[in-house]
Amino acid sequence: FIPREVIEKTKETMEALQKRNAAIQPSLAIIQVNWIYPVKNLKNKTISLCVGINMDFAIVKEVLKLNEDPGVHGLYLHLPPASTTSRVLTALKPEKDVEGLNHFSDVSLEGKTVLVLGGHGTLEVTLRCLIERNGMVAITSHWTSKNLKSEVCSSLSIIHSIWLLFLLQSPVLLFIQKNVVHSCTRWLQERQYQPWNLSSINLQPQTPVPSDIEISRAQTPKPVDQLAKEIGLLPEELEVYGRSKAKVRLSLLDRLQNQPDGKYVLVAGITPTPLGEGKSTVTIGLVQALSAHLKLNSFACLRQPSQGPTFGVKGGAAGGGYAQVIPMEEFNLHLTGDIHAITAANNLVAAAIDARILHESTQSDKALYNRLVPSVNGVRRFSPIQISRLRRLGMDKTDPASLTPQEINAFVRLDLDPSRITWHRVVDTNDRFLRKITVGQASTEKGQSREVWFDIAVASEIMAILALADGLEDMKTRLARMVVGTSRGGQPVTAEDLGVSGALAVLMKDAIKPTLMQTLEGTPVFVHAGPFANIAHGNSSVLADKLALKLVGQDGFVVTEAGFGADIGMEKFFNIKCRASGLQPNVVVLVATVRALKMHGGGPNVRLQTTELLEFSGCRSNLRKQIQIARLFGVPVVVAVNVFKTDTQAELDLVCQIAKECGASDAVPCHHWAQGGRGCIELAHAVNAAATRSNNFQFLYNLQLPLVDKIRAIAQQVYGADDIELSPDAKAKIDYYNQQGHGSLPICMAKTHLSLSHMPEKKGAPTGFILPIRDVRASVGAGFIYPLVGTMSTMPGLPTRPCFYDIDLDPVTEEISGLF
């Protein structure tokens, strides 16, 4: 007998679940052998297994798979006695155990006698197995047994603690239904936003400050699965790469879609020296201060370093001193392979272009068609991507035999003009001799030689797409619409026309997931995407920011970094990234250093000069201008003065004073390099205060403005130019992009980072100049137009003495030296 209240309560719980979560359907998976066990009112997933030698292994494998399936809320084992083994029962997760088969695990019953009353078949065998595995003696009996009374008395102290006893004479399915609904309820509760339980790692700063790599190795990071649990990630949302890093699945966005976002902080900088001014260290120091010291949830979102600067001039980008991402070697070298995936995908497109040109030049329409749409086992059909091409050509056909000769010609001939191919190969190394090369010189290429270019890998449009996509479907769509060149008839040719976009999505399917790491003080960091700011849009991914904003909670902070100066990375963050994401920042942190301000005051690069240069030319020119740029967008600005040991207190006070006079809501010195998060507490308080102020965020220009006017708005309002000057090629390209319907895209200027102008030697805040636009290109997949200013190169070169002179590996300990 099942009490009516049990049935009604289960029904009410199920209805309440579906009222709150319309998409949720309690789901029961049944593993069975050779018979059907129907269950009503539940979404069932029935798995039938064939009897055989490896039956035990097959059942365990299926149980383990269903254990990790978030769509399965209960698991019922409907097996014959021979298959209900101890190994099978051990594999079953208790939270999905709707029969209570693992309920003995928390009860100490060693040496007791247990009576299994009324049991039969699978359930009896299961209970006996569990009882005996826990060191007890199992006896079975039936309701008709003559010795029932004595048997019950001898085991009375145990029999009442085993709730399954009551199932044996009741309709089992209703109890299973009740348990599945309860399991689904628990499953949903676990997937609600969970408050953080972050355990920070103590720092013990030393004086003098050791090298970055010594500091990194002195700190033992938490296991990444522990960090993930502390910030509310579920095990199924994590793909672990070793001990200290993991990919985070995008399903997190669906789970926390109703969770309010935290506060959004952008770290930008003044025009830097060639060595950089420490935006990454400020970003890391700030989140260490917020989380480890002020106990406010915070996440840093950083770009993945390119091998180019790591082995070239600048070195890695893991931060420095006591404000680092650890392990710094893993951060700077390969990480989880995203840049390699981008390189592979980019160069697959390049190979497809040249192969297609070769085959079209050497084959008839009929031969091309037969090879592009082959007969397989006597059946000829178009692939889905070929169907898409037919639709774009206006052909509503699916039978390959139905195309006319004219339609076949249009289908097989991309007719790419070799002189108008815009797609470049890439490599993640500074290699100046690949800036222009000749390919196709082997005799097998049948005279199809042409000049081509290499870019640094992070300048690939695929990198920009990775950083701007809001999901796998969006990334796939963007990859498909990438324009690789123009046909002789003047039409754009896309990656989808080449038939390669599906393969690109496959290569990029793991790269789209942000990588979770941690700071020296154990606070979380997302590392994802790495476009350069001078030749791309220079910001980490939209997805990393969105995931982090959900995880930190409404009162938490996400601190993301824009590359180079505010005139480049920050302007692109606002006008490109914020348009793509729909997110609006609460605060801008503008990083400045005394050494850079002295340089802008007229001193040589990275050399100390007088306070007069600092005040009248440095602070009141470049710093003032960069603050004004940030305020153009209506966002409060906090100036963070990254302190060097050579700075005097008078210099620091002067910079902070002038920054406030120039419009900053606050300005504070930061000692994170020497002290870690504790040295950034004042900045954390300033950011927290600024985040509560009114925010009048606005874009610099309307997308419907003509392309020339959008370029002019950036040149005049951000750079300080009097006007722009378009080369004939630039004018022709703009006309062409307007004809193709791309005139409403935002602008991504490719410009030197060493000056507000196009002239690297012009420091401070130059005025009275004309900004030359020598070329204009389109990243249609990424969704922006990028003008090339001056002599900007998309492939850096190595200096006379690159960083790799100092990088080495100890073959015994496998320790890396020389990264910093």
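Only a predicted model underlies this, so the values are computations on that prediction, with no experimental measurement involved.

## Examining the overall build of the chain
In terms of regular secondary structure, the chain is built from 30 helices and 31 strands. Per-residue burial for the chain yields a buried fraction of 57% across its 820 residues. Put simply, 74% of the contacts in the chain that link residues at least 6 apart link residues at least 24 apart. Within the structure as shown, the chain displays about 34800 Å² of accessible surface, and the carbon and sulfur contribution to it stands at 53%.

## Thoughts on the packing of helix H15 (residues 365-372) against helix H17 (residues 405-412)
Packing of H15 against H17 leaves a shortest axis separation of 10 Å and a crossing angle of 65°. In terms of their interaxial angle, H15 and H17 are classed as roughly perpendicular. In terms of crossing hand, the pair formed by H15 and H17 is left-handed. On H17, the residues touching Asp-365, Leu-368, Tyr-369 and Leu-372 of H15 are Ile-408, Asn-409, Phe-411 and Val-412.

## Observations regarding the nonpolar core
In terms of nonpolar packing, the biggest core is built from 143 residues, with Leu-516 and Leu-623 touching the most fellow members. Among the elements that make up this core, the one with the highest residue count is helix H14 (residues 338-362) (nine residues). Among the nonpolar cores identified, the runner-up in size contains 38 residues, and Val-265, Phe-331, Val-559 and Leu-819 belong to it.

## Overview of the pairing of strand E19 (residues 483-487)
If a strand is regular, its side chains alternate between the two faces of the sheet. In terms of burial, E19 is a largely internal element, five of the five residues being buried. Note: strand E14 (residues 416-421) against E19, two bridges, orientation antiparallel. The residue of E19 that forms the bridge with Ile-421 is Gly-485. Both E19 and strand E20 (residues 492-494) contribute to a ladder of three bridges, which runs antiparallel. The partner of Val-483 across the bridge, within E20, is Thr-494. Hairpin connection, E19 to E20: the antiparallel pair is bridged by four residues, and Gly-490 has positive phi, about 90°.

## Remarks on the packing of helix H19 (residues 472-480) against helix H21 (residues 501-508)
For the pair H19 and H21, interaxial distance at closest approach is 9 Å and the crossing angle is 135°. Classified by the angle their axes make, H19 and H21 are oblique. For the pair H19 and H21, the crossing hand works out as right-handed. Note on element contacts: H21 touches H19 through Ser-501, Leu-504, Ala-505 and Met-508, opposite Met-475, Lys-476, Leu-479 and Ala-480.

## Overview of the pattern of salt bridges
For the structure on display, the rule yields 33 salt bridges. Between Arg-413 and Asp-365 there is a salt bridge, and its shortest N-O distance comes to 2.7 Å. Placement of Arg-413 in the loop between H17 and E14 and of Asp-365 in helix H15 is noted, with a sequence separation of 48 residues between them. Residue classification places Arg-413 among the partly exposed positions, given a relative accessible area of 22%. Asp-365 gets classed as partly exposed once you look at its relative accessible area, which sits at 24%. Across the pair Asp-510 and Lys-509 runs a salt bridge, and its minimum N-O distance is 3.3 Å. By relative accessible area, which is 29% here, Asp-510 ends up partly exposed. Overall, Lys-509 belongs to the partly exposed group, its relative accessible area being 41%. Shared partners join several salt bridges into a network, and the residues in it are Glu-239, Arg-249, Lys-509, Asp-510 and Lys-513.

## Notes on the sheet that holds E14
Read across the sheet, three strands follow the order E14-E19-E20 without closing on themselves; strand pairing throughout is antiparallel. Looking at strand neighbours, the two that pair on one side only are E14 and E20, the edges of this open sheet. The sheet shows a mean angle of 50° between the axes of neighbouring strands, taken without regard to direction. Against the sheet, H14 makes contact with E14 and E19, and its axis sits at roughly 130° relative to E14, the strand it touches most.

## With respect to the environment of Pro-210
Structurally, Pro-210 can be placed in the loop between helix H7 (172-190) and helix H8 (212-218). For Pro-210, a relative accessible area of 19% translates into the label buried. Along the chain, Pro-210 and Gly-321 lie 111 residues apart, while their C-alpha atoms are 7.5 Å from each other.

## Brief notes about the environment of Lys-572
Among the structural elements, Lys-572 can be located in helix H23 (residues 566-581). Residues Lys-572 and Pro-746 lie 174 residues apart in sequence; the distance between their C-alpha atoms is 9.1 Å. Setting aside chain neighbours within four positions, we find Lys-572 in contact with Ala-533, Asn-534, Ala-536, His-537, Asn-539, Lys-577, Cys-748 and Met-749.

## Points about the side chain of Lys-710
With respect to the element layout, Lys-710 can be found in helix H29 (residues 707-719). For the buried Lys-710, no salt bridge exists, and the shortest N-O distance to an oppositely charged side chain is 9.4 Å, to Asp-709. A distance of 2.9 Å separates a polar side-chain atom of Lys-710 from the backbone oxygen of Leu-703. Excluding residues within four positions of it along the chain, Lys-710 makes contact with Tyr-701, Asn-702, Leu-703, Leu-705, Gly-743, Ser-744, Leu-745 and Ile-747.

## A word on the packing of aromatic side chains
Counted by the stated rule, this structure contains twelve aromatic pairs. Seen in terms of ring centroids, Tyr-264 and Phe-573 are 5.7 Å apart; in terms of plane orientation they differ by 50°. Their pairing is tilted. Note that Tyr-264 is positioned in strand E8 (residues 263-269) and Phe-573 in helix H23, a separation of 309 residues in sequence. Side by side, Tyr-264 and Phe-573 carry an identical accessibility label, which is buried. Residues Tyr-369 and Phe-411 carry aromatic rings whose centres are separated by 6.0 Å and whose planes lie at 90° to one another, so their mutual orientation is edge-to-face. Taken together, the residues Tyr-369 in helix H15 and Phe-411 in helix H17 connect sequence positions 42 residues apart. The exposure class assigned to Tyr-369 is buried, which follows from its relative accessible area of 4%. You can call Phe-411 buried: its relative accessible area is 3%.

## Here's the deal with the sheet that holds strand E29 (residues 784-789)
Strands belonging to one sheet form pairs held by backbone hydrogen bonds; the direction of such a pair is parallel or antiparallel. As summarised here, the arrangement of the three strands in space is E27-E28-E29, forming an open sheet in which the pairing is mixed. Looking at the sheet topology across the chains shown, the edges are occupied by strand E27 (723-726) and E29. Taken over all neighbouring pairs, the strand axes of this sheet differ in orientation by 50° on average, direction set aside. As paired strands, strand E28 (residues 770-779) and E29 are joined by six bridges and run antiparallel to one another.

## Regarding the pairing of strand E9 (residues 298-302)
Counting buried residues along E9, five of its five residues qualify, which places the element largely inside the surrounding structure. Along E9, one buried face is formed by Ser-298, Ala-300 and Leu-302 and the opposite face, lined by Phe-299 and Cys-301, is buried too. Pairing of E9 with strand E23 (residues 557-561), which is carried by four bridges, proceeds in the parallel orientation. Across the sheet, residue Cys-301 finds its bridge partner in E23, namely Thr-560. The pairing of E9 with strand E22 (residues 524-527) spans three bridges and is parallel. Paired with Cys-301 across the two strands is Phe-526, which belongs to E22.

Each value, and the rule that gives it
- Residues numbered from 1 in each chain as written.
- Predicted model: local features only at pLDDT ≥ 70, side-chain atom pairs only at ≥ 80, totals over all residues.
- Heavy atoms only, no water.
- Helix = DSSP H or I, 4+ residues; strand = E, 2+ residues; numbered from the N terminus.
- Buried < 20%, exposed > 50% of the residue type's maximum accessible area, 1.4 Å probe, protein only.
- Contact = heavy atoms within 4.5 Å.
- Areas by Shrake-Rupley, 256 points an atom, 1.4 Å probe, with all protein chains shown as cover.
- Axes fitted to C-alpha atoms, helices over the stretch in contact; angles between N-to-C directions.
- Parallel < 35°, antiparallel > 145°, perpendicular 65-115°, else oblique.
- Left-handed = near helix turned anticlockwise from the far one by under 90°.
- Core = buried A, V, L, I, M, F, W, Y, C linked by side-chain atoms within 4.5 Å.
- Pairing = 2+ DSSP bridges.
- Salt bridge = Lys/Arg side-chain N within 4 Å of Asp/Glu carboxyl O.
- Lys, Arg positive; Asp, Glu negative; His and termini not counted.
- Polar contact = N/O pair within 3.5 Å; in protein donor to acceptor, adjacent residues only side chain to side chain.
- Phe/Tyr/Trp six-rings, centres within 6.5 Å; stacked < 30°, edge-to-face > 60°.

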